[in-house]
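Each chain, letter by letter, is given below.
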There are 2 protein chains.
Amino acid sequence: MAVGLKKLQKLLPVNGVRLSSAAAGIRYADRDDVALIAFEADTVISAVFTQNAFCAAPVQLAKTHLSKTSARWLLINAGNANAGTGAVGLSDAQACCVAVAEQFGASVEQILPFSTGVIGECLPVDKIIDVMPTLKAQLSESGWEKAAQAILTTDTVAKGISEQVQINGNTVTVTGIAKGSGMIRPDMATLLAYIATDAAVEQSALDSCLKQAVDFSFNRITVDGDTSTNDACVLAATGAIKGSALNAQHADFTLFCHAVQRVCSWLAQAIIRDGEGATKFITVDIEGGRDSEECLAVAYTIAHSPLVKTAFFASDPNWGRILAAVGRAPVQDFDLNGVDIYLDNVCIVSQGELAADYTEQAGQAVMKQSEITIRVRLGRGDFAEKIWTSDLSYDYVRINAEYRS
Amino acid sequence: MAVGLKKLQKLLPVNGVRLSSAAAGIRYADRDDVALIAFEADTVISAVFTQNAFCAAPVQLAKTHLSKTSARWLLINAGNANAGTGAVGLSDAQACCVAVAEQFGASVEQILPFSTGVIGECLPVDKIIDVMPTLKAQLSESGWEKAAQAILTTDTVAKGISEQVQINGNTVTVTGIAKGSGMIRPDMATLLAYIATDAAVEQSALDSCLKQAVDFSFNRITVDGDTSTNDACVLAATGAIKGSALNAQHADFTLFCHAVQRVCSWLAQAIIRDGEGATKFITVDIEGGRDSEECLAVAYTIAHSPLVKTAFFASDPNWGRILAAVGRAPVQDFDLNGVDIYLDNVCIVSQGELAADYTEQAGQAVMKQSEITIRVRLGRGDFAEKIWTSDLSYDYVRINAEYRS
């Protein structure tokens, strides 16, 4: 069902990163559902997490661990979010970290736990601990694809991408994987995304690189407006490519950041292409706002409107629903008479009215496509913002009505 | 499909109000789709309209007419919203008002136009004008039920209610009708609702009575978060019951306001019970907030969450989705550890965790009901708010995917 998203291609290994996966039987039969990512010593790690006040036990523990020391291992399970599980959930997440630490003779703070899946059920800790020897034995630089598979929940396609750039005369690789399909409206973070590079990067530079990349990728997508309790995105720089570490002053730092940005954007858009029940990949492009905030307010009001989303599902150029959504966006002193709306290059609303030369046939032709851009010109200023979303189909309802059964 | 909503019962006539309806063939075959409501001279009228910046031609014209003189006739059509129709839409609405004015030898400002239906198509003015003689001839004090039918769009049941109270020793009648099923998240107004009373009420008292009644009824409901372009609610006091007019100082004014409030609440809840695709009628009851705003913010975040709504459709006590929605509500310094959640009287979350004595069986039993209250105690203060919503079903998607076809 994923819109314009191919089967996962071969990913480029990143020197200093090994991955493995195993089938713990947490929720799914006959598939891997736990992944381990191991970094060489001295890897620099940056991470962002969900801003949902109801944040899951593994998120809480990962934040605590990160504040104490640098992480070397990421343990990720699918099928159970270990969220809303209180003190038991925290000690369960802790127990999993201890099991990893014991395998590698490491301290427990060097392990970051991540969980995704159903909320409010206890984590089957024993099942996860049972696969530790397998996870350790299978670690491999070429484990990216299997790890990308192991972390999926309602996703239909594994998501990963690699980029290479020349930094300091060396070829630097950036590889990332992500999962996420529903409960997608990341807020300062994403669902689960893991990106690694063999470049050497200073901590503060890596933090700002990740923050910026996330802001314009994972923080610009929405499936259903529901911010997850478990969102997390990790960027690791192993420094396997020797040489002076990149910092914000380095001539090639922007080049590096753009590579990370491309990986994040591709992954974020892949999540929308594989959004629950998605049949359309929709870019919402707002121009002419007085500031970014009002552009984003209009964009999300459109992207969250059930009426707009069902119109896209039906391939119905129901521009009235789009204009009604624009009209109810929280924008000060909003004069709709200055608004233009385009479906791709077809002008459908001009100055707040149905465009004189618009034809239903032209609108229909665009709506029938699987990839569509709604462009709204507010005519109030010079700011612009862009977000990505999917449509609302029977399958979204089916998937979420059946999720726990 | 309407949840717990019976076929329209006989409504009580209101002295000084006559209604009629006719089949103009605007969009539907074999049914009335235009209604006329006529008030005796000296009727006091109060009205509130949509706050959507994209407001329909009839809304604009009705506001203009109201600012000039007191209204005597309301002309309502279903099947076409006359919204997003620009200057043509305004002159079409004007032409309809002129046609009414000519029938009754009235001035055009005495007529208020209302339209509901598809957005962005031109109003078939001629069809409406053609039925004017019929509308005039059919006017009757017992026309409430037929008018309630004529204004429907995707509604499955006509909605109306009557109340009587003793004021000044007289029996005062309040009768109201409303329509609305989708694009329902009224903002300072509702979809179309018409309420009349034979009491004599001063203008300012009537205005404050309507504002307060709407605030706690139509402004507390949501189907899909989509505020309509055509929302309007009218309260008319004919004064047929002679005697000094009610004002805010009158001993019985509160009694009268409560009667109007009961009519508005019943109609607002009827709209939710008949929400597009609704299989559940859900009361969202928030307690313990620091102010009304944060109670409403939490309530609407729950009521608009597609994941919560599909869980209700599936009768799945997926409390994690409710807690995740609560957690992403825009509330300052929000500590989820103080939050309790109940499904009816079943405590499902206690202090931010799954309640110790909760059983899936108990949660399931509540979720299988067609009427459910989610009660959330924020544990932060003394404010409380209550709103009403419906679930998200396959039929919501079907209805809105097929709406224009």
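Predicted, not measured: the structure shown is a model, and the values here were computed from it. (Residues numbered from 1 in each chain as written. Chains lettered and ligands numbered in written order. Predicted model: local features only at pLDDT ≥ 70, side-chain atom pairs only at ≥ 80, totals over all residues. Heavy atoms only, no water.)

Engineer: Go over the overall build of chain A with me, naming the residues and quoting the values.
Structural biologist: Of the regular secondary structure elements, chain A holds twelve helices and 16 strands. What you see for chain A is a C-alpha radius of gyration of 22 Å, in line with the 22 Å of a compact globule of 405 residues. With the principal axes as the frame, chain A shows a C-alpha extent of 70 × 55 × 35 Å. Buried positions account for 65% of the 405 residues belonging to chain A. Considering only contacts within chain A whose residues lie at least 6 apart along the sequence, 82% involve residues at least 24 apart. A total of about 14100 Å² of accessible surface is found on chain A, and carbon and sulfur atoms cover 48% of it. Each charge class in chain A was averaged separately, 32 positive and 45 negative side chains, and the resulting centres sit 3 Å apart. (Helix = DSSP H or I, 4+ residues; strand = E, 2+ residues; numbered from the N terminus. Rg over C-alpha atoms; globule rule 2.2 N^0.38 Å. Buried < 20%, exposed > 50% of the residue type's maximum accessible area, 1.4 Å probe, protein only. Contact = heavy atoms within 4.5 Å. Areas by Shrake-Rupley, 256 points an atom, 1.4 Å probe, with all protein chains shown as cover. Lys, Arg positive; Asp, Glu negative; His and termini not counted. Charge placed at Lys NZ, Arg CZ, Asp CG, Glu CD.)

Engineer: Mind laying out the packing of aromatic side chains, listing which residues take part and the relevant values?
Structural biologist: Residue and element names in this part refer to chain A. Under the counting rule described, the total for this entry stands at six aromatic pairs over all chains. Their ring planes at 85 degrees and their centres at 5.4 Å tell us that Phe313 and Tyr394 sit as a pair that is edge-to-face. Here Phe313 is found in helix 9 (residues 306-313), whereas its partner Tyr394 is found in helix 12 (residues 394-402), with 81 residues between them in sequence. Directly above the aromatic system of Phe216 lies the positively charged group of Arg220, at a separation of 5.0 Å from the ring centroid. Above the ring of Tyr342, the side-chain terminus of Arg375 is found at 4.4 Å from the ring centroid. (Phe/Tyr/Trp six-rings, centres within 6.5 Å; stacked < 30°, edge-to-face > 60°. Lys NZ or Arg CZ within 6 Å of the ring centre and 35° of its normal.)

Engineer: So what about unusual backbone geometry? Which residues, and what values?
Structural biologist: All names here are of chain A. Even without being a glycine, Asp30 presents a positive backbone phi close to 60 degrees. Tracing the backbone through its elements, the reader meets Asp30 in the loop between strand 1 (17-22) and strand 2 (34-39). Here the phi dihedral of Asp42 falls at roughly 70 degrees; this positive angle occurs in a residue that is not glycine. Relative to the helices and strands, Asp42 resides in the loop between strand 2 and strand 3 (44-49).

Engineer: Account for the relation of the copies chain B and chain A, with residues named and values stated.
Structural biologist: For these two chain copies, the linking operation is a rotation about an axis paired with a shift along it. By a simple turn and slide, chain B fits onto chain A: the slide is 0.0 Å along the axis, the RMSD is 0.0 Å, and the turn is 180 degrees. Given the turn and translation reported, the copies of this chain are related as if by a two-fold rotation axis. When C-alpha distances to the rotation axis are compared across chain B, the minimum falls at Tyr394 of chain B, with a value of 2.8 Å. Taken together, the interface assignments show that 100% of the residues at the interface of chain B recur at the interface of chain A, consistent with an identical surface on both copies. (Least-squares fit on C-alpha atoms with pLDDT ≥ 70 in both.)

Engineer: For the sheet that holds strand 14 (residues 353-354) of chain A, give the residues involved together with the corresponding values.
Structural biologist: All names here are of chain A. Reading across from one edge, 9-16-11-15-12-13-14 is the order of the seven strands in this open sheet, with mixed pairing throughout. Two strands lie at the open edges of the sheet, namely strand 9 (221-222) and strand 14, each paired on one side alone. With seven bridges joining them, strand 11 (residues 281-289) and strand 15 (residues 371-377) adopt parallel strand pairing. Opposite Ile286, over in strand 15, you have Val376 as the bridge partner. (Pairing = 2+ DSSP bridges.)

Engineer: Can you lay out the nonpolar core for me, pointing to particular residues and giving the numbers?
Structural biologist: Phe256 and Ile302 of chain A together with Phe256 and Ile302 of chain B are the most contacted members of the largest nonpolar core, which has 248 residues in total. Once residues within four sequence positions are removed from consideration, Ile302 of chain B is found in contact with Val284, Ile286, Val308, Ile322, Ala325, Val326, Ile374 and Val376 of chain B. (Core = buried A, V, L, I, M, F, W, Y, C linked by side-chain atoms within 4.5 Å.)

Engineer: So what's going on with the sheet that holds strand 10 (residues 232-237) of chain A? Which residues, and what values?
Structural biologist: Residues and elements named next belong to chain A. Across the sheet, five strands lie side by side as 3-10-8-7-6; this open sheet has mixed pairing. Since the sheet does not close on itself, it has two edges, and those belong to strand 3 and strand 6 (159-167), each with one partner. When strand polarity is set aside, the average angle formed by the axes of neighbouring strands in this sheet is 10 degrees. Judged from the six bridges that link them, strand 7 (residues 170-179) and strand 8 (residues 192-197) form a sheet pairing that is antiparallel. Each bridged residue has a counterpart across the sheet, and for Val174 the counterpart in strand 8 is Thr197. In the packing of helix 6 (residues 203-215) onto the sheet, the strands contacted are strand 3 and strand 10, and the crossing angle to strand 3 comes to about 35 degrees. Against the sheet, helix 7 (residues 253-273) engages strand 6, strand 7, strand 8 and strand 10, with an angle of about 170 degrees to strand 6. (Axes fitted to C-alpha atoms, helices over the stretch in contact; angles between N-to-C directions.)

Engineer: Outline the confidence of the model for chain A, supporting the account with residue identities and numerical values.
Structural biologist: The share of residues in chain A with pLDDT of 70 or more is 98%, and the mean pLDDT across the chain is 90. If you check the scores for this complex, the pTM reads 0.82 and the ipTM reads 0.77. (pLDDT = per-residue confidence, 0-100.)

Engineer: Describe the environment of Ser46 of chain A, and please don't skip the residues or the numbers.
Structural biologist: Residue and element names in this part refer to chain A. Mapped onto the fold, Ser46 is located in strand 3. Residue Ser46 is classed as buried on the basis of its relative accessible area, which comes to 4%. Spatially, the C-alpha atoms of Ser46 and Gly289 are 33 Å apart, while their sequence positions differ by 243 residues. Non-local contacts of Ser46, meaning those with residues more than four positions away in its chain, are made with Gln203, Leu206, Asp207, Leu210, Cys233, Val234 and Leu235. Within the local environment of Ser46, its side chain forms a polar contact with the side chain of Asp207, the two groups lying 2.6 Å apart. (Polar contact = N/O pair within 3.5 Å; in protein donor to acceptor, adjacent residues only side chain to side chain.)

Engineer: I'd like a description of the pairing of strand 2 (residues 34-39) of chain B, backed by residues and values.
Structural biologist: All names here are of chain B. The buried fraction of strand 2 is high, at six of six residues. Here strand 2 shows no split at all, with Val34, Leu36 and Ala38 on one side and Ala35, Ile37 and Phe39 on the other all buried. Where strand 1 (residues 17-22) lies against strand 2, six bridges are found, and the strand directions are antiparallel. When the bridges of strand 2 are listed, Ala22 appears paired with Val34.

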